[in-house]
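Structure assessment
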Amino acid sequence: QVQLVESGGGLVQAGGSLRLSCAASESIFSFNAMAWYCQVPGKQRELVARITGGGITNYATSVKGRFTISRDNAKNTVYLQMHSLEPEDTAVYYCNAERWIGIRYDFWGQGTQVTVSS
């Protein structure tokens, strides 16, 4: 019964900043990793940033140097800090939690819209 709730999306001008939050219903220590994905209509959902339980991060090439994924374990929350936003960043952003119980299980939030205007 894992629930992930995203917030923080909205409309921002190019060059601006936004911070997305993902609140989990249980300890994020229970997940192998957490991540942010984005998706636009007609395209595959794509990985934006990922953080493992050990704190190892990786990013899509397009956001390196601009986005930062972080977590607050006490609050069961993962964040995506976005700077220097571009119109190409416009998408629905989804929080993902990964858990291994013999096989991989993925849990998803409802998504939050980010729109970057030029």
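Look a little higher up for the structure.
The structure displayed is predicted, hence computed values, not measured ones.

The subject of this paragraph is the nonpolar core. With 28 residues, the main nonpolar core has Met-34, Trp-36, Val-48, Leu-80, Met-82 and Tyr-93 as its most contacted residues. If you list the elements that add at least two residues to this core, you get β3 (18–24), β4 (33–39), β5 (46–52), β7 (67–72), β8 (77–82), β9 (91–101) and β11 (112–117). Discounting chain neighbours no more than four positions away, the residues touching Met-82 are Gly-16, Ser-17, Leu-18, Leu-20, Arg-66, Phe-67, Tyr-93 and Val-114.

Once that is clear, we can look at a nonpolar patch on the surface. Side chains of Ile-101, Ile-103 and Tyr-105 sit close together on the surface and give an oily, nonpolar patch of about 310 Å² of accessible area. Tracing the backbone shows Tyr-105 in strand β10 (residues 103–108).

Before going further, it helps to examine the state of the cysteines. Summed over all chains, the structure comprises one disulfide. Two residues share a disulfide in this structure: Cys-22 and Cys-95, whose sulfurs sit 2.0 Å from each other. Judged by the sign of its S-S torsion, about -80°, the bond between Cys-22 and Cys-95 is left-handed. Here the residue Cys-22 occupies a position in strand β3, and Cys-95 occupies one in strand β9, the gap between them amounting to 73 residues. Judged by its relative accessible area of 0%, Cys-22 is buried.

Conventions we followed
- Residues numbered from 1 in each chain as written.
- Predicted model: local features only at pLDDT ≥ 70, side-chain atom pairs only at ≥ 80, totals over all residues.
- Heavy atoms only, no water.
- Core = buried A, V, L, I, M, F, W, Y, C linked by side-chain atoms within 4.5 Å.
- Buried < 20%, exposed > 50% of the residue type's maximum accessible area, 1.4 Å probe, protein only.
- Helix = DSSP H or I, 4+ residues; strand = E, 2+ residues; numbered from the N terminus.
- Contact = heavy atoms within 4.5 Å.
- Patch = residues over 30% accessible without salt bridge, like charges linked within 9 Å, V, L, I, M, F, W, Y side chains within 5 Å.
- Areas by Shrake-Rupley, 256 points an atom, 1.4 Å probe, with all protein chains shown as cover.
- Salt bridge = Lys/Arg side-chain N within 4 Å of Asp/Glu carboxyl O.
- Disulfide = S-S within 2.5 Å.

This is a description of form; function is not addressed.
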